[in-house]
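Each chain, letter by letter, is given below.
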Amino acid sequence: AKTLAASNVASRIPPYKGLLRKLKEVYNVLGRETQLTLAEKILYSHLYSVEESLLSNTQSGKVVRGNATLKLKPDRVAMQDASAQMALLQFMSCGLPSTAVPTSIHCDHMIVGERGADVDLPASITGNKEVFDFLESAAKKYGIEFWPPGAGIIHQTVLENYAAPGLMMLGTDSHTPNAGGLGAIAIGVGGADAVDAMVDAPWELKAPRILGVKLQGQLSGWAAPKDVIMKLAGLLTVRGGTGFIIEYFGPGVYTLSCTGMATISNMGAEVGATTSLFPFTQSMMPYLRSTHRFDLLREVGSYALLSGEGNQLLRADPEALYDEVVTIDLSSLEPHINGPFTPDLSTPLSQFKDAVKINKWPESFGAGLIGSCTNSSYQDMTRAENIVKQASAVGLEPKADFFITPGSEQIRATLARDSTLETFSSAGGTVLANACGPCIGQWKRTDGVSKGETNAIFSSYNRNFKGRNDGNPSTMNFLASPEIVTAMSYAGSTIFNPLTDTIPTPSGNPFQFSPPSGLDLPSAGFAQGKPEFAPNPGVPSPDHPVIISPTSDRLAVLEPFAPFPAGELEGLRVLYKVKGQCTTDTISAAGPWLKYKGHLPNISANTLIGAVNAETGETNIAYDHYNLAESGEPPKSGIPQLAEKWKNQGKEWMVVAESNYGEGSAREHAALQPRYLGARVILAKGFARIHETNLKKQGIVPLVFDHEDDYETVRAGDVVSTIGLYDMLRNGGKGDVSLKCVKKDGEQIIKVRHTISKDQAGFILAGSALNLLAKKEGT
Ligand code: SF4
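Under an unreviewed UniProt entry, the name given to the protein is Aconitate hydratase, mitochondrial, and the organism recorded is Letharia lupina. Listed under Subcellular location (unreviewed entry) in UniProt, the entry text for the protein is "Mitochondrion". Regarding the protein, the UniProt comment filed under Sequence similarities (unreviewed entry) reads as follows: "Belongs to the aconitase/IPM isomerase family."

Quick look at the structure:
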């Protein structure tokens, strides 16, 4: 059968020949004796310049991990509908005719889960029409493959169609590492990073350290791949993987299904890892065959089996060293339940009843939800189906509401063909659209649980932060494998242990589940989905109009930012002096503002609204010392309102802040918004690395106090000019910079530092990185 995957196959095979050539260069530079992990092989074979990244960037010349800045050229980009909006708007501002690398858009986050796919999908399409129309029209123009609403969740679609051993890709979503189950390096990034790859600008990454997870033994009974990562999350905690790539190795790896490895890689995001990946295993071949990817199958077959000097692209070298190693024995692994409210609160199933009692968690729960991008493989669903069949055979019905989210049209159609969905529906389950739905807060509950009411749910999803599923911060989401969620849904009780406890059947007999069984893959291959969910072919149509209504409040074309003035900055105003922590969420709040992600002027009304005023202790209250009221007092207003007032007066400004300014997620809006409102400089005690880079990309100059004490002396009302900044920028980042700060009672010179490189100096002079690129393209 021809499937959705059949079109545009050529661009879906990684450039293996070129990657192997690059890998040879890597060994030449690092020394033939070097033993590399798989993660290093794939990353380094995607460098623009091996010498530049691996030699000149490191102090000793060979200590790459944790030191070198890698300039990478990813093979592919995937974007989900929410984050794709600003990424595309930025891409459009470069004036390029098409993306430099194959790119795809997946409409999944804006679709609700409530009454079932037939009702929810059309309603969501109507409600988000202007966004979907924009994404589809831009995709057509620039040759991006567009997967329409209902086609599936980004990571499942990527696994079925694009993921490949040795591939390196970026995705604008944190669970992009899902593709690591098929041996790819797939990294979740913000939109601005995706744009780097789309315009063929180097994507920078500090060389990660490598955490090896050695798997031994083999899963059996109720234990599922999900339990591997649930246990690991408990061991590492939500921050334990930060700065690391998690690479799995050991004999246990070769016992896992390809989709099981994807589940494990997916949830590596829950421990903060840069990404997770598995080496090439034989279980990947039948998966590629089932998903009808025959060209890739042939290619991978030849490269995976290359032997000889131990430098195959798709496996680690035999003596590769990991920075840290964790060992997990699959044979003794028991099912785990993680939560509530954090995915690293991990409890083995045998101890969960006690944990419920000790913590006074609810003893009953109202909904069991299976599927999502994490757990909707054929293996997951047929094991859950087996549980349902066991229960139906003795006349049991689920006590909790039971929801099923297929991850893609391909898996949905296959489960429909093989009667799995019928089994779920007959048991009272509701099959939701092939989309994120309840996993991302698009869940309108109809079971009468009111906001603020403490209650529990069980899901096979990956995240369980407060309010994530139903907007109710008192809903406790316990994460488990689909088979455990399904079995527990029949008891509706959090203290039920399906391995040991019984449920009374309608005839009064005690019933105990047997361990679930299922199939890794459909024996007849995956079914053809509905044709309306197939993507467009990904061929640019330069004349195709991009649909953005001029009256839209959700989308607005990005106007290029003005270049740096020819000379020093003069007369900068101090908008705000921030006290304490200032995350990207402080600078650009999420929640209801997410609706405006594609409309820079509208979302800019949330700029810095979470910031505490160091001079008054107030939050989001700024004082206009430069336009005094008749009383002689500075008028007060919200921060974005004052910034906008100055923008309208043509006055540029700066922010003063403390340490680690811009920590948190890599949200490019936190740099775009201040820039749009007229920021030129952020002066801080220190910056979070990614945000500092984002600021430079948008043409804002991040400066660091040479003497932290000077933070105390700068105030709103000061007038600041730069000394040496213009020359430094023109000299490619070389030269000293200081600030002249004119105060009511005199002048002060403040010494500052910066980390602006030659490339970044070019961005700032041009007004933004994209301006520079557009200039080079001659548009
Ligand atoms: Fe993210 Fe959930 Fe959607 Fe997966 S299903 S992409 S975790 S929102």
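Counting secondary structure elements, the protein contains 25 helices and 30 strands. For the protein, the C-alpha radius of gyration of 27 Å lies close to 28 Å, the compact-globule estimate for 779 residues. Taken over the C-alpha atoms alone, the protein extends approximately 90 × 65 × 55 Å along its principal axes. Relative to its full complement of 779 residues, the protein shows a buried share of 55%. Residue pairs in contact within the protein that sit at least 24 positions apart in sequence constitute 78% of those at least 6 positions apart.

Before going further, it helps to spend a moment on the site of the ligand. The environment of the ligand is made up of 14 residues, and the closest members are Ser372, Cys373, Cys436, Cys439 and Ile440. Taken together, the residues that form the shell around the ligand break down as seven nonpolar, five polar and two charged.

Let us now look at the pairing of strand E26 (residues 679–684). Burial runs high along E26: six of the six residues are buried. As defined by bridge partners, strand E25 (residues 653–657) adjoins E26 across five bridges and the pair is classed as parallel. Each bridged residue has a counterpart across the sheet, and for Val655 the counterpart in E26 is Ile682. In this fold, E25 hands off to helix H21 (residues 669–677), which returns the chain to E26; that crossover is right-handed.

Turning our attention to the sheet that holds strand E4 (residues 145–147). Across the sheet, which stays open at both edges, the five strands sit in the order E4-E3-E2-E5-E6 with parallel pairing between neighbours. Here the strands that pair on one side only, and so sit at the sheet edges, are E4 and strand E6 (185–188). The sheet shows a mean angle of 20° between the axes of neighbouring strands, direction not considered. In the sheet, strand E2 (residues 76–80) pairs with strand E3 (residues 103–106) via four bridges, with the strands oriented parallel. Each bridged residue has a counterpart across the sheet, and for Ala78 the counterpart in E3 is Ser104.

What follows deals with the sheet that holds strand E10 (residues 275–277). The pairing of strands in a sheet comes from backbone hydrogen bonds and takes either a parallel or an antiparallel form. Overall, parallel pairing links the four strands, which are arranged E10-E9-E8-E11 in an open sheet. Each edge of the sheet is formed by a strand with only one pairing partner; in this case those strands are E10 and strand E11 (324–329). Taking the axes of each pair of neighbouring strands and ignoring which way they run, one obtains an average angle of 20° across the sheet. Where strand E9 (residues 244–249) meets E10, three bridges bridge the pair, whose relative direction is parallel. Within E10, the position partnered with Ile245 by the bridge is Thr275. Sheet contacts for helix H9 (residues 225–236): strand E8 (209–216) and E11; angle to E11, the most-contacted strand, approximately 135°.

Okay, unusual backbone geometry next. Backbone torsion omega between Gly339 and Pro340 reads 5°, so that peptide bond is classified as cis. Positionally, Pro340 belongs in the loop between strand E12 (336–338) and strand E13 (346–348). Of note, the phi angle at Phe341 is positive, near 70°, even though the residue is not glycine. Overall, the presence of 15 C-beta atoms within 10 Å leaves Phe341 in the partly exposed class.

A separate point is the UniProt feature "domain: Aconitase A/isopropylmalate dehydratase small subunit swivel" (unreviewed entry) in the protein. Here the UniProt-annotated "domain: Aconitase A/isopropylmalate dehydratase small subunit swivel" (unreviewed entry) positions come out as residues 574–707. Along residues 574–707 the backbone is 28% helical and 21% strand, and the end-to-end C-alpha distance reaches 19 Å.

Quick look at the pairing of strand E5 (residues 168–171) now. Here E5 shows a buried face lined by Met168 and Leu170 and a second buried face lined by Met169 and Gly171. Where E2 and E5 come together, three bridges link them in parallel fashion. Bridging from a neighbouring strand, Ala78 pairs with Gly171 of E5. Bridge analysis of E5 against E6 gives four bridges, and the strand direction is parallel. Bridge pairing in E6 links Met168 to Ile185.

A separate point is the environment of Leu703. Among the structural elements, Leu703 can be located in strand E27 (residues 701–705). For the pair Leu703 and Thr755, spaced 52 residues apart in the sequence, the C-alpha separation amounts to 8.2 Å.

Moving on to the environment of Val131. Within the secondary structure, Val131 is located in helix H6 (residues 129–142). Note on Val131: 22 C-beta atoms within 10 Å, which makes it buried. Measuring from C-alpha to C-alpha, the distance between Val131 and Lys595 comes to 9.9 Å, with 464 residues separating the pair along the chain. Setting aside its immediate chain neighbours within four residues, Val131 contacts Asp81, Gln85, Met110, Arg554, Leu555 and Gly598.

Our focus in this paragraph is the confidence of the model for the protein. Mean pLDDT over the protein: 93, with 97% of residues reaching 70 or higher. Predicted confidence is poor over residues 1–9, with pLDDT under 50, and the contacts of this stretch with residues over four places away or in other chains come to 25 contacts.

Two elements in contact, helix H4 (residues 81–92) and helix H8 (residues 191–198), have axes separated by 9 Å at closest approach and are oriented at 45°. It follows that H4 is oblique to H8 by the angle criterion. Handedness of the crossing formed by H4 with H8: right-handed. Contacts between H4 and H8 involve Ser83, Met86, Ala87, Gln90 and Phe91 from the former and Gly191, Ala192, Ala194, Val195 and Met198 from the latter. Considering only residue class, the contact of H4 with H8 consists of seven nonpolar, three polar and no charged.

Below, the discussion takes up helix H5 (residues 117–127). Residue pairs three or four apart in sequence face the same way in an α-helix, which turns once every 3.6 residues. Residues of H5 that are buried: Ala117, Asp120 and Ser124. Around the axis of H5, the buried residues are gathered within 75° of arc, so they sit on the same side. Opposite the buried face of H5, by more than 90 degrees, sit the exposed residues Asp118, Val119 and Thr126. Buried-residue contacts for H5 involve strand E16 (430–431).

Note on placement: Ala688 falls in the loop between E26 and helix H22 (689–697). According to the C-beta neighbour criterion, Ala688 is buried, with 20 such atoms within 10 Å. Considered as a pair, Ala688 and Thr583 are 105 residues apart in the sequence and their alpha carbons are 8.9 Å apart. Not counting chain neighbours up to four residues away, the residues in contact with Ala688 comprise Asn660, Tyr661, Gly662 and Glu663.

Parameters at a glance
Residues numbered from 1 in each chain as written. Predicted model: local features only at pLDDT ≥ 70, side-chain atom pairs only at ≥ 80, totals over all residues. UniProt positions renumbered as here; feature names shortened; annotations may be inferred. Helix = DSSP H or I, 4+ residues; strand = E, 2+ residues; numbered from the N terminus. Rg over C-alpha atoms; globule rule 2.2 N^0.38 Å. Buried ≥ 20, exposed ≤ 12 C-beta atoms within 10 Å, placed from the backbone. Contact = placed C-beta atoms within 7 Å. Near = placed C-beta within 6 Å. Nonpolar A, V, L, I, M, F, W, Y, C, P; charged D, E, K, R; others polar. Pairing = 2+ DSSP bridges. Right-handed = clockwise from strand over helix to strand, strands pointing away. Axes fitted to C-alpha atoms, helices over the stretch in contact; angles between N-to-C directions. pLDDT = per-residue confidence, 0-100. Parallel < 35°, antiparallel > 145°, perpendicular 65-115°, else oblique. Left-handed = near helix turned anticlockwise from the far one by under 90°. Arc of directions from axis to C-beta.

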